[in-house]
Amino acid sequence: MKTKPLNSDNQSTLIAAEQMVLGGLLINPSAIDDVLEIVGPADFLKAAHRIIATALEAMIASAQPVDIVTVAEELERTEVLKSAGGPAYLACLVENTPGASNVRSYARIVADHSHRRKTLAALDEAGKAVYSAPLRPVTEIISECQSSLSEIECARDSGTGPQELDGAAKEVLQDWHRLDAGEVIKRVHTGWDCVDRRWKGLRGGELVILAGTTGTGKSVFAMQMAAHNAFADHRALFFSLEMSRRELYCRLVGMEGRIPIGLADSDNADERKGFYAQHSQSLSYAVKKLKDINMLVDDQGALHINQIVSRARREHRTNPLSLIVVDYLQLVRGDGQSREREVASVSAGLKALAKELDVPVLALCQFNREATKGGRPNMSQLRDSGAIEQDADIVTLLYREDKDNFDSPNPGLVEVITAKHRRGEPGIENLKAKLSQFRMDVWTAEVHQAEPRSKFRQFAS
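The rules we used
- Residues numbered from 1 in each chain as written.
- Predicted model: local features only at pLDDT ≥ 70, side-chain atom pairs only at ≥ 80, totals over all residues.
- Heavy atoms only, no water.
- Axes fitted to C-alpha atoms, helices over the stretch in contact; angles between N-to-C directions.
- Helix = DSSP H or I, 4+ residues; strand = E, 2+ residues; numbered from the N terminus.
- Left-handed = near helix turned anticlockwise from the far one by under 90°.
- Contact = heavy atoms within 4.5 Å.
- Nonpolar A, V, L, I, M, F, W, Y, C, P; charged D, E, K, R; others polar.
- Expected span 1.5 Å × (residues − 1).
- Buried < 20%, exposed > 50% of the residue type's maximum accessible area, 1.4 Å probe, protein only.
- Pairing = 2+ DSSP bridges.

Section: the packing of helix α4 (residues 68-77) against helix α5 (residues 86-95)
- Taken N-terminus to C-terminus, the directions of α4 and α5 make an angle of 145°; their axes are 10 Å apart at the nearest point. Between α4 and α5 the crossing geometry is right-handed. Taken together, the residues of α5 that come into contact with α4 (itself represented by Ile 68, Val 71, Ala 72 and Leu 75) are Leu 90, Ala 91 and Val 94.
- Across the contact of α4 with α5, the residue classes break down as 7 nonpolar, no polar and no charged.

Written out as structure tokens, the structure is:
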């Protein structure tokens, strides 16, 4: 992409720094590992320097000896010696470099200018896209620009390399000391004690996948978990790509009031009258309580992963988030030539978002068609991409036997199957689905009555 040229002074400084880097590596090839931590071949401005840096990187990687003669031979073998300036230019690089001791400092100068050029290119691309045909939504252009700038920022901040464990040890010991002193370290919980004991509270940076077939209650689980935290003033951001804010609000009213909210706008006049006569007090209680819920809802459909990331960043800067929910992953648009790669880019983007904001991300996920044949699901049935399982810190699968078996001895039983847990053991917890109220409660040993099948089908999600 075309960017504004450097002025003569800056360009002279940059070219000199690039020459010092390459000259230093020719003098002391062992320094290349230190340099590659900071700058790569693509970061050099001068084409000849990019060619030489690429050859040096390849030769070091294959354990070839590096000096003026061997580098010239490698460039000749790949038919780029002339483009690199020839043997005379290699000799000039060595002669004009006083030594290799400051090669890292010169590499940082090269890297800084590279980041500046990339920033200009990203802004230039955004400027061209504003009025280029066909006209695209401004929000999409801004999101792409923010994503590009974020990638540049991450690249600029990366490269710290391996570090001693001492720093991490101090942080962990400080946490343990605070716990021993009685301090409650902030964790994100589900609201169900049995599940919380299994998950041990979600940490910032974790990606949690919640999967299930249609009708098992994924959205109900996620919404109830988000509400539990939002009522505790742990700010939650809920991306609902399938349901509107109105529908989510109605579900929350049903959940908090423990009422069959679907009857509030029933086509049957007698049902409506009966609902308001019986549940008016619970309805008022739920509406009043929801005024204080600390939850944001974004119900725009077909969002791109870059839009989700930029919106979450913006809200987090305004007021820190405690939990992000995405309902659901396969509805998010990503990048890639195939569906599998597109979903993989979404999964990786959500994991990166969790780490960047230090906030747990709960992403709902669909199963493939194999899971609809019945029986307990497994992680191999996650739809569209194996990358979902790899990126996730926790993978939980919901299973309801009575969904397909009307004669189940345990109507309403939802098995919460934690199939993957990086910090703990997998296992199964049981919840009781009350889907007409859009909620789940902890399963007890009591005798349970099934809700009418029509309600299960009408309200399940």
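This is not the end of the story, as more comes after the structure.
Side note on helix α14 (residues 339-357)
- In this model, α14 (19 residues) spans 27 Å end to end at C-alpha, consistent with the 27 Å of a helix rising 1.5 Å per residue.
- All of the buried residues in α14 are Glu 342, Val 343, Val 346, Ser 347, Gly 349, Leu 350, Lys 351, Leu 353, Ala 354 and Leu 357.
- Here the buried face of α14 lies against β1 (207-212), α13 (305-318), β4 (323-327), β5 (361-366) and α15 (387-391).
- One or two positions beyond α14, positive phi appears at Asp 358, with a value near 55°.

Focus: the sheet that holds β4
- Spatial strand order, β3-β2-β4-β5-β1-β6-β7-β8-β9: 9 strands in an open sheet with mixed pairing. Two strands lie at the open edges of the sheet, namely β3 (295-298) and β9 (439-442), each paired on one side alone. The mean inter-strand angle of the sheet, taken between neighbouring strand axes irrespective of direction, is 25°.
- The pairing of strand β8 (residues 427-434) with β9 spans 4 bridges and is classified as antiparallel. Across the sheet, the residue bridging to Ala 433 is Met 440, located in β9.
- Contacting β2 (236-240), β3 and β4, α13 crosses the sheet at an angle of about 155° to β2.

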